Amino acid sequence: MTSVSYEDMLKRALSSLPRKPLQSERLKIPSADVIVVGNRTLVRNFREIASIINRDPEHLLKFLCKEAGSAGTLKDDIAEIHGRFDRSTLNKLIERYVQNFVLCKVCMRPDTHLKKYGRFLYIECDACGASSPIISR
Ligand SMILES: [Zn+2]
């Protein structure tokens, strides 16, 4: 058997693998639409992002500002953050927020809501019913 035919065989085998159902359940978060004006960074689709991940935009903004070591305000659909941040930095922070506050710690699905018990915040999963505390640093 030549190496070429083996590769062909392998390719065929890989392409016939069924797609994992997990991929279709993955949250599609739009990339942050960022413009820098002076020394402010505007995220123009901020409210859209918050609504897709189903979280309070104020809570998301508070997290981003804390992680970025900055301050910011919400103006209608737009978040205005002090300082200059590029799109990839903000996308990474939003991704981190999703990991911490949106995805279920047990089944990793995004169908969750936040609930406060005393001083502690929990992610409660609507898919598997798990309730996981959020450890704030
Ligand atoms: Zn779950």
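A brief structural summary. Everything numeric here is computed off the predicted structure, so don't read it as measured data. (Residues numbered from 1 in each chain as written. Predicted model: local features only at pLDDT ≥ 70, side-chain atom pairs only at ≥ 80, totals over all residues.)

1. Examining the overall build of the chain
In step 1: When helices and strands are tallied, the chain shows five helices and seven strands.
In step 2: Reading the chain from its N terminus to its C terminus gives the helix and strand order α-α-β-β-α-α-β-β-α-β-β-β.
In step 3: With 137 residues in all, the chain has 17% of them scored as buried.
In step 4: Within the chain, counting contacts between residues at least 6 apart in sequence, those at least 24 apart form 41% of the total. (Helix = DSSP H or I, 4+ residues; strand = E, 2+ residues; numbered from the N terminus. Buried ≥ 20, exposed ≤ 12 C-beta atoms within 10 Å, placed from the backbone. Contact = placed C-beta atoms within 7 Å.)

2. Thoughts on the sheet that holds strand β7 (residues 131-133)
In step 1: Read from one edge to the other, the open sheet built from three strands follows the order β5-β6-β7, with strand pairing classed as antiparallel. Every other strand in the sheet has two partners, leaving β5 (112-117) and β7 as the edge strands with one partner each. Here the average twist between neighbouring strands, direction ignored, is 30°.
In step 2: As paired elements, β5 and strand β6 (residues 120-125) share six bridges and run antiparallel to each other. Note that in β6 the partner of His-113 across the bridge is Glu-124. (Pairing = 2+ DSSP bridges. Axes fitted to C-alpha atoms, helices over the stretch in contact; angles between N-to-C directions.)

3. Description of unusual backbone geometry
In step 1: Phi angles above zero are rare outside glycine, and Asp-76 is one such case at about 55°.
In step 2: By the secondary structure assignment, Asp-76 is in the loop between β3 (72-75) and β4 (78-82).
In step 3: The phi angle at Met-108 is positive, at roughly 65°, despite the residue not being glycine.
In step 4: Residue placement: Met-108 occurs in the loop between α5 (87-101) and β5.
In step 5: With 14 C-beta atoms packed within 10 Å, Met-108 lands in the partly exposed category.

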